[in-house]
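# Understanding the architecture of this molecule
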Amino acid sequence: MAWAPEARTAAVRGADGTTLEVLRALESGPRGLVEEEAEERLVRHGENTFPGRRPDSWPRRFARSPRDPFTAVLLVLGLVSAAVAAWGTACVIAVLVLVSCVLRTTGEHRADRSAAALRDLLATTATVRRRATAASPPLTRELPVDQLVPGDVVLLAPGDVVPADLRLLRTTALTVHEATLTGESAPVEKFVDADGPGDGGSPVLPLGHPHLCFQGSSVVSGNGSGVVVATGARTVLSGALPRAGGRSRPPSPFDRSVNGIAWTLIRFTLLTAPLVLIVSALLRGRGLETLPFAVAVAVGLTPEMLPVVVTTALARGAALLARDGEVIVRRLPALHDLGAVDVLCVDKTGTLTEDRPVLALCEGPDGRANPEVLRWAAVNALWTLHLSELPVPDALDEAILDAAEEAAGEGAPGGGFEEFEGLEALPCGPGRRLSTAVVRPPGDPRFALAARHTLVVKGAPEDVLDRCAQAGGAELGADGRERLARRAGELAAGGLRVLAVARATRPARTRPYTPADERDLDFVGFVALSDAPAPTAAEALAVLARHGVDVKVLTGDHPGTAARVCRELGLAPGEVVTGERIDALADAELARLAARTTVFARCAPEHKARVVRALRAAGHTTGFLGDGVNDLAATVAADVGICPRDGVDVVREAADVVLASKDLTALDRAIVAGRRSTGNIAAYLRIALSSNVGNVIAMLVAGLLLPFLPMLPAQVLVQNLCFDAAQLALAFDRPAPGAHLRPALLRPRALLRFVTGFGLLNAVADLATFGVLALALRSMGPEEGQFAFHAGWFTENLLTQALVMLLLRSGRHAAEGGRVPGPIRLATAALAVVGLLLPLSPLGPPLSMTPLPPLYYGLLALVLVVYGLLLAAARARQSSPSGV
Ligand SMILES: Nc1ncnc2c1ncn2[C@@H]1O[C@H](COP(=O)(O)OP(=O)(O)OP(=O)(O)O)[C@@H](O)[C@H]1O
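Nothing here was measured: the structure is a model prediction, and the numbers come from that model. What you see as residue numbers is a count from 1 along each chain, following the sequence as written. Side-chain atom pairs in this predicted model are given and counted only at pLDDT of 80 or more, local residue features only at pLDDT of at least 70, and totals for whole chains, interfaces and linings cover all residues. Remark: hydrogens and water are excluded; side-chain values derive from all non-hydrogen atoms of the structure.

### So, helix H13 (residues 371–387)
Its 17 residues place the ends of H13 25 Å apart at the C-alpha level, agreeing with the 24 Å of an ideal helix rising 1.5 Å per residue. Type-normalised accessible area, obtained with a 1.4 Å probe on protein chains alone, sets the label of each residue: buried when under 20%, exposed when over 50%, and partly exposed for intermediate values. Numbering of helices and strands runs from the N terminus, with a helix taken as a DSSP run of H or I at least four residues long and a strand as a DSSP run of E at least two residues long. Of all 17 residues that make up H13, 12 are buried, and the element is covered over most of its length. Buried within H13 we find Val 373, Leu 374, Arg 375, Trp 376, Ala 377, Ala 378, Val 379, Asn 380, Ala 381, Leu 382, Trp 383 and Thr 384. Take the residue count of a helix, subtract one, and multiply by 1.5 Å to get its expected span.

Structure, rendered in structure tokens:
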């Protein structure tokens, strides 16, 4: 994103000066605003909504709707007709465009309204400090982000999305991700500069300020607080939006399939009109007078209702899922992509396991049970939980504290951990697998030369052992380290989550501690925790496998623990690949390895993202389910990012699909819903295009054989209108249960093959009808015969269309029986009735149609029976239920 140097936004201007000056200018203070004042400011400044999030109004959406490619093609054809004064054709095209735009706008508007209601369910909150009255103490509470006002004091923790532009008041090792604004993927350090930027008001790049945090960025690690300097449309992100044009995603499976097919069709359509003109000029010597007919043929080929059917099918699927309260689809095309997922990457903790760890054992460096290890682990857990303001308390830390409290209650030696005074904490974070608490030992003096600080470290055994110089007070050499790593491996292979605990005592200091201080430690021992497999996980994995979804586990945990958990759940782990090995591989090698590996362990965020990208590059449609800050990169990299509702804000905001809970069973249901929607879109395309192609072929042949136009432009268009209206019912189809057994992807080539085959069959039925018409109408005069021909073909077209809808609707399973849903029964019956009665009605003569002799109906019934049988037989031979 390009930032103009003169772009001094409200945030930068409002944040000029020292912290105190900024607070004073905002009439606020570190204790936050008084509620009443905040309410007044909300009225004055408006809600803190991001402009891009406001759904478009109906008129604005309607005005935009002709921009869809099919409507654009119709408009071009309409203009061509108007240019040659073919007003009838132009008018009917205008009606088609209008109907398609109204239906599309209504469908999108409805889908957006329900999406907005769902968004409210997921409303992100900010942690705000406010006071009830000027004299009351400040209270920290969660507030919907849109209620924030300038002057509010906001607290930031890992995983939070920065809710407005902030001037920082306090920070502890705060790093934020500003990729939404800068595209820069590395986290940026932020700190308080009490003296202000000191730029003397000169133009500055807003993102250069370490003391400012901008709406839309997200906290990676550390914590802090800041005062809101700009909200709503006045934030840096809102200002940049028109220039940035929003976040661009790589083409999704939806873009590649549905949009790919749309563009192929548009090319065909645009070629049709010139082709008809050339053929009729060459073979029948006709000139430009054929143009309206050529235009009508091209219109006949256009599946102009595709956007409407796509929106309706997806919105219906998403609404059904949301009604059950289990799954919220935040981006409609993601439902299609979910149905196409053939590889699902999940993290282990909380997805495959319950994430309710329980202490299993503590042992010292000599391998013997040792309660002292629990005591030190608890000191670390207590102070990391207290001091690091994590968005959700860490389950491992809580389990260690529970066990230590229990031990203390029983008077066992594991107690006594509360006697230490916590000073600082360096928590775990993305890519950081250990945590350190700096404490003052009990009874140690605060300000004396002899004052000491103890660093208590716990974390992944490899990482902690690397930083140890001693074990139990004795020197630790390479052999000793290897022996301990082996022991950790043995514990992990039993399915336990293993943490190494170490400490170091140093002279007290005032300078803040950093990860560089985590060295020369004394290894205290291991704590191991068991985390039971989630009760529904084994069954859900089996169902996903039956549905053709290959599950891969991407975890930060030890390879042994991950492999054991997978085995317990019936997922063969095979060879486990670690993050270290991933680092050593080039992208192409990783793509090959990823395809055959099931478990990736010791993954940092970038490892997870690389595996997801490698799988996509290998042609898999990849979903990723994760909930922590360390899952963000993979969530964004996946075709479909999935997050549970209680996942950290930033991942939930980036996800396409949100689950009520981290439950694979619900996800499987969502995948099936996605396949159903895709199945309905595919059915529409199969039906619409087979009929359209058949008609176009028949029209071309008839155009060459007959001395008159086989179908007048107005008839083509009326017929199209009838088809379109009927085909909308396909969005309500319920494919048979077997139809969702494999990932559903619209494959343009397979569709093209299908359409060619069935289009030819349709054309044969039309040609047979021409034969029948020749027989039944032979006694009529030329003009009456021409009118009767139009009527006969019109009737046959609508009846065959009804037949095609019934027989091709939901894959081959429709041919095997199954109840036809009400809307489809109604639509096909309506088609048949219109086809039979319109030529006999008063509307017949204006459309150049006359009633037909009874003989025609008898012979047509024969043609339809044979066509129906051939159609059913050909459909039964189609092997791929998921393709097309
Ligand atoms: N509270 C903690 N204290 C110390 N070390 C921790 C703590 N939490 C995690 N770790 C270490 O960091 C490693 C990676 O943790 P991370 O949260 O990335 O993944 P995970 O929870 O093990 O698995 P998953 O990626 O499946 O959710 C853990 O295996 C553990 O060794």
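After that view, the rundown keeps rolling.
### Quick word on the UniProt feature "transmembrane region" (unreviewed entry) in the chain
UniProt positions are given in the numbering used here, feature names are shortened, and annotations may be inferred rather than shown by experiment. UniProt records the feature "transmembrane region" (unreviewed entry) for residues 70–99, 261–283, 751–775, 787–808, 820–843 and 855–874 in the present numbering. Spanning residues 751–775, this segment combines 100% helix with 0% strand, and its end C-alpha atoms are found 36 Å apart. Helix makes up 100% of residues 855–874 and strand 0%, and the two end C-alpha atoms of the span are 29 Å apart.

### Considerations on the packing of helix H5 (residues 69–83) against helix H9 (residues 253–284)
Viewed as axis vectors pointing N to C, H5 and H9 meet at an angle of 10 degrees, and their least axial separation amounts to 10 Å. Taken together, H5 and H9 sit at an angle that is classed as roughly parallel. Taken together, the residues of H9 that come into contact with H5 (itself represented by Pro 69, Phe 70 and Val 73) are Ala 262, Trp 263, Leu 265, Ile 266, Thr 269 and Leu 270. Throughout, an axis means a line fitted to C-alpha atoms (over the contacting stretch in the case of helices), and angles, computed between N-to-C directions, take values from 0 to 180 degrees. Working rule for angles: under 35 degrees goes down as roughly parallel, over 145 as roughly antiparallel, 65 to 115 as roughly perpendicular, anything else as oblique. The contact rule is simple, with two residues in contact once any of their heavy atoms fall within 4.5 Å.

### Describing the nonpolar core
Only buried Ala, Val, Leu, Ile, Met, Phe, Trp, Tyr and Cys residues count toward a nonpolar core, and they belong to the same one when joined by side-chain atoms within 4.5 Å. Judged by nonpolar contacts, the single largest core of 131 residues is most densely connected at Leu 344, Ile 642, Leu 664, Leu 667 and Leu 685. When residues of this core are assigned to their parent elements, the largest contribution, 17 residues, is made by helix H24 (residues 664–705). Once residues lying within four places of it in the same chain are set aside, the contact partners of Ile 642 are Leu 338, Leu 344, Phe 624, Leu 625, Gly 626, Thr 635, Ala 655, Val 657, Leu 659 and Leu 667. Counting residues in hydrophobic clusters, the runner-up holds 27 residues, among them Ala 399, Ile 400, Ala 404 and Ala 407.

### Some points on the confidence of the model for the chain
The share of residues in the chain with pLDDT of 70 or more is 88%, and the mean pLDDT across the chain is 84. pLDDT measures how confident the predictor is about each residue, on a scale from 0 to 100. Of the regions scoring below 50 in pLDDT, residues 1–8 engages in 28 contacts with residues more than four places distant in sequence or in other chains. Low pLDDT (under 50) marks residues 198–205, which in the prediction has 17 contacts with non-local residues, meaning those over four places away or in another chain. The complex prediction reports pTM at 0.79, with the ipTM value standing at 0.97.

### Some details on the site of the ligand
Near the ligand there are 20 residues, and of these Lys 348, Lys 458, Arg 497, Thr 555 and Asn 630 occur at the shortest range. Pairs of N or O atoms are called polar contacts if they sit within 3.5 Å, as long as, within protein, a hydrogen donor faces a hydrogen acceptor (for residues adjacent in sequence, only side-chain-to-side-chain pairs). With respect to the ligand, the side chain of Lys 608 contributes an N or O atom lying 3.1 Å from an oxygen atom. Each accessible area is a Shrake-Rupley result for a 1.4 Å probe, and residues are judged covered by the shown protein chains and nothing else. Protein burial of the ligand: of its 600 Å² of free accessible surface, 88% is covered by the chains. Going through the elements one at a time, helix H14 (395–409), strand E14 (452–459) and strand E17 (497–507) are the ones with two or more residues in the shell around the ligand. The residue inventory of the shell around the ligand, partitioned by class, reads four nonpolar, six polar and 10 charged. We call a residue near a given molecule or strand whenever any one of its heavy atoms falls within 4 Å of it. All amino acids are sorted into three groups, where Ala, Val, Leu, Ile, Met, Phe, Trp, Tyr, Cys and Pro are nonpolar, Asp, Glu, Lys and Arg are charged, and the leftover types, Gly among them, are polar.

### Points about the sheet that holds strand E9 (residues 327–329)
Between any two strands, pairing holds if DSSP finds at least two bridges. The mixed open sheet is built from eight strands, whose spatial order is E9-E24-E23-E22-E10-E19-E21-E20. A single partner strand is all that each edge strand has here, and the edge strands are E9 and strand E20 (577–578). With four bridges connecting them, strand E10 (residues 343–346) and strand E22 (residues 622–625) associate as parallel partners. When the bridges of E22 are listed, Cys 345 appears paired with Phe 624. Each of E9, E10, E22, strand E23 (640–644) and strand E24 (657–659) touches H24; the most contacted strand, E10, lies at about 155 degrees to it.

### Comments concerning the pattern of salt bridges
Salt bridges, as used here, are contacts in which a Lys or Arg side-chain nitrogen is within 4 Å of a carboxyl oxygen on Asp or Glu. Applying the stated criterion across every chain, the model contains 35 salt bridges. The salt bridge partner of Glu 421 is Arg 440, with a shortest N-O separation of 2.6 Å. Residue Glu 421 is found in strand E12 (residues 421–426), and its partner Arg 440 is found in strand E13 (residues 434–440); the two are separated by 19 residues along the sequence. With a relative accessible area of 29%, Glu 421 lands in the partly exposed category. The partner of Asp 639 in a salt bridge is Arg 616, and the shortest N-O contact between them spans 2.8 Å. Within this pair, whereas Asp 639 is found in the loop between helix H22 (632–637) and E23, its partner Arg 616 is found in helix H21 (residues 605–617), the two being separated by 23 residues in sequence.

### Regarding a nonpolar patch on the surface
Taken together, the side chains of Val 833, Leu 836, Leu 837 and Leu 840 present a nonpolar region at the surface, about 330 Å² in accessible area. Here Val 833 lies in helix H28 (residues 822–837). Patch membership requires more than 30% relative accessible area and the absence of a salt bridge. Residues of like charge join within 9 Å; the nonpolar side chains Val, Leu, Ile, Met, Phe, Trp and Tyr join within 5 Å.

### Digging into the environment of Leu 338
Tracing the backbone through its elements, the reader meets Leu 338 in helix H12 (residues 333–340). Between the alpha carbons of Leu 338 and Pro 253 there is a distance of 9.3 Å; along the sequence they are 85 residues apart. Beyond its immediate stretch of four places on either side in the chain, Leu 338 contacts Val 640, Ile 642, Val 657, Leu 667, Ala 670 and Ile 671.

### Section: the side chain of Asn 720
Mapping Asn 720 onto the fold places it in helix H25 (residues 713–727). Ignoring anything within four residues of it in the chain, the contact list for Asn 720 reads Leu 96, Val 299, Gly 300, Thr 302 and Glu 304.

### Re unusual backbone geometry
Trans peptide bonds make up most of the peptide bonds, and negative phi angles are found at most residues other than glycine. Look at Asp 520: it is not a glycine, yet its phi comes out positive at around 50 degrees. Mapped onto the elements, Asp 520 comes out in the loop between E17 and strand E18 (521–530). The backbone phi angle of Arg 602 is positive, close to 50 degrees, even though this residue is not glycine. Mapped onto the elements of the fold, Arg 602 is located in the loop between strand E21 (599–601) and H21. Residue classification places Arg 602 among the buried positions, given a relative accessible area of 8%.

### Topic: empty space enclosed by the protein
For cavity detection a 1 Å grid was placed over the protein atoms alone, and a set of points counts as a cavity when a 1.4 Å probe fits there but cannot get out; an open set counts as a pocket when protein lies on both sides within 12 Å along at least five of seven lines, with lining residues being those that have an atom within 4 Å of a point. Grid points are joined across faces, edges and corners, and a volume is the space filled by probe spheres set on the points. Taken as a whole, this structure holds six cavities of 30 Å³ or more when the rule is applied. The space that makes up the second largest cavity amounts to roughly 60 Å³. Taken together, Val 276, Val 279, Ser 280, Arg 286, Phe 293, Met 699, Leu 700, Gly 703 and Leu 704 make up the lining of the second largest cavity. Elements with a minimum of two residues in the lining of the second largest cavity: H9 and H24. Here the lining of the second largest cavity takes four residues from H24, the largest share from any one element. Class assignment of the residues belonging to the lining of the second largest cavity gives a composition of six nonpolar, two polar and one charged.

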